[in-house]
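Examination of the molecular architecture
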Amino acid sequence: MLEEVRRRHEFRLVGYVVMPEHEHLLLSEPAKKNPSKILRMLKQKVAQALLKKRRRASSAQWSLPFEGSQREEAHFWQRRFYDFNVWSAKKVKANTAKGG
């Protein structure tokens, strides 16, 4: 999905790390759209695919309601988006070494 979004919006992917609820991407300025729109699109594609997979898996099992059980969280990713501009080769190297 990341490669699909990368090709569609024409940016260079330098590195990435995927965490349980967020990702770190080191990418060039996209030719089409802006980074926040691209990340929103990527997050939506991944979340939709994984939530669909989860629904298929849970429908194959019996689901028993337990009193006091909490409703499953509806969001897959964190809602916030933090960007950080990397202006030098030193920062690129530092951010790739840290994993994001």
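The structure contained in this document is the topic of the report that follows.

Rules and cut-offs
- Residues numbered from 1 in each chain as written.
- Predicted model: local features only at pLDDT ≥ 70, side-chain atom pairs only at ≥ 80, totals over all residues.
- Heavy atoms only, no water.
- Helix = DSSP H or I, 4+ residues; strand = E, 2+ residues; numbered from the N terminus.
- Contact = heavy atoms within 4.5 Å.
- Areas by Shrake-Rupley, 256 points an atom, 1.4 Å probe, with all protein chains shown as cover.
- Patch = residues over 30% accessible without salt bridge, like charges linked within 9 Å, V, L, I, M, F, W, Y side chains within 5 Å.
- Salt bridge = Lys/Arg side-chain N within 4 Å of Asp/Glu carboxyl O.
- Lys, Arg positive; Asp, Glu negative; His and termini not counted.
- Charge placed at Lys NZ, Arg CZ, Asp CG, Glu CD.
- 1 Å grid on protein atoms, 1.4 Å probe; cavity = no way out; pocket = protein on both sides within 12 Å on 5 of 7 lines; lining within 4 Å.
- Points joined across faces, edges and corners; volume = space filled by probe spheres on them.
- Nonpolar A, V, L, I, M, F, W, Y, C, P; charged D, E, K, R; others polar.
- Core = buried A, V, L, I, M, F, W, Y, C linked by side-chain atoms within 4.5 Å.
- Buried < 20%, exposed > 50% of the residue type's maximum accessible area, 1.4 Å probe, protein only.
- Arc of directions from axis to C-beta.

**Description of the overall build of the protein**
Secondary structure assignment for the protein yields three helices and two strands. Reading the protein from its N end, one meets helices and strands in the order α-β-β-α-α. When contacts within the protein are restricted to residue pairs at least 6 apart in sequence, long-range pairs at least 24 apart make up 49% of them. When the accessible surface of the protein is split by element, carbon and sulfur atoms take 53% of a total near 8500 Å².

**Quick notes on a positive patch on the surface**
Side chains of Arg-8, Lys-33, Lys-37 and Arg-40 sit close together on the surface and give a patch of like positive charge. Mapped onto the elements, Lys-37 comes out in helix α2 (residues 35–59).

**Here we look at the layout of surface pockets**
In this structure, the largest pocket occupies an estimated 860 Å³ of space. Residue lining of the largest pocket: 26 residues in total, with Leu-25, Leu-26, Tyr-82, Asp-83 and Phe-84 positioned closest to the centre. Elements supplying a minimum of two residues to the lining of the largest pocket: β2 (23–27), α2 and α3 (89–98). Residues of the lining of the largest pocket, tallied by class, amount to twelve nonpolar, eight polar and six charged.

**Describing the environment of Tyr-16**
Summarising the element assignment, Tyr-16 is placed in strand β1 (residues 13–18). Between the alpha carbons of Tyr-16 and Leu-27 there is a distance of 8.5 Å; along the sequence they are eleven residues apart. Residue contacts for Tyr-16: discarding those within four places in its chain leaves Leu-2, His-24 and Leu-25.

**A few points about the nonpolar core**
Core analysis: the largest hydrophobic core is formed by nine residues, namely Leu-2, Val-5, Phe-11, Ile-38, Met-41, Leu-42, Val-46, Ala-47 and Trp-77. Residue assignment for this core shows that the elements contributing at least two residues are α1 (2–9) and α2. Not counting chain neighbours up to four residues away, the residues in contact with Leu-2 comprise Leu-13, Tyr-16, Leu-25 and Leu-42.

**Here's the deal with α1**
Residue pairs spaced three or four apart in an α-helix point in one direction, given the helix's 3.6 residues per turn. Burial in α1 covers these residues: Leu-2, Val-5 and His-9. Looking straight down α1, one finds that the buried residues subtend no more than 70° of arc, so they occupy a single side.

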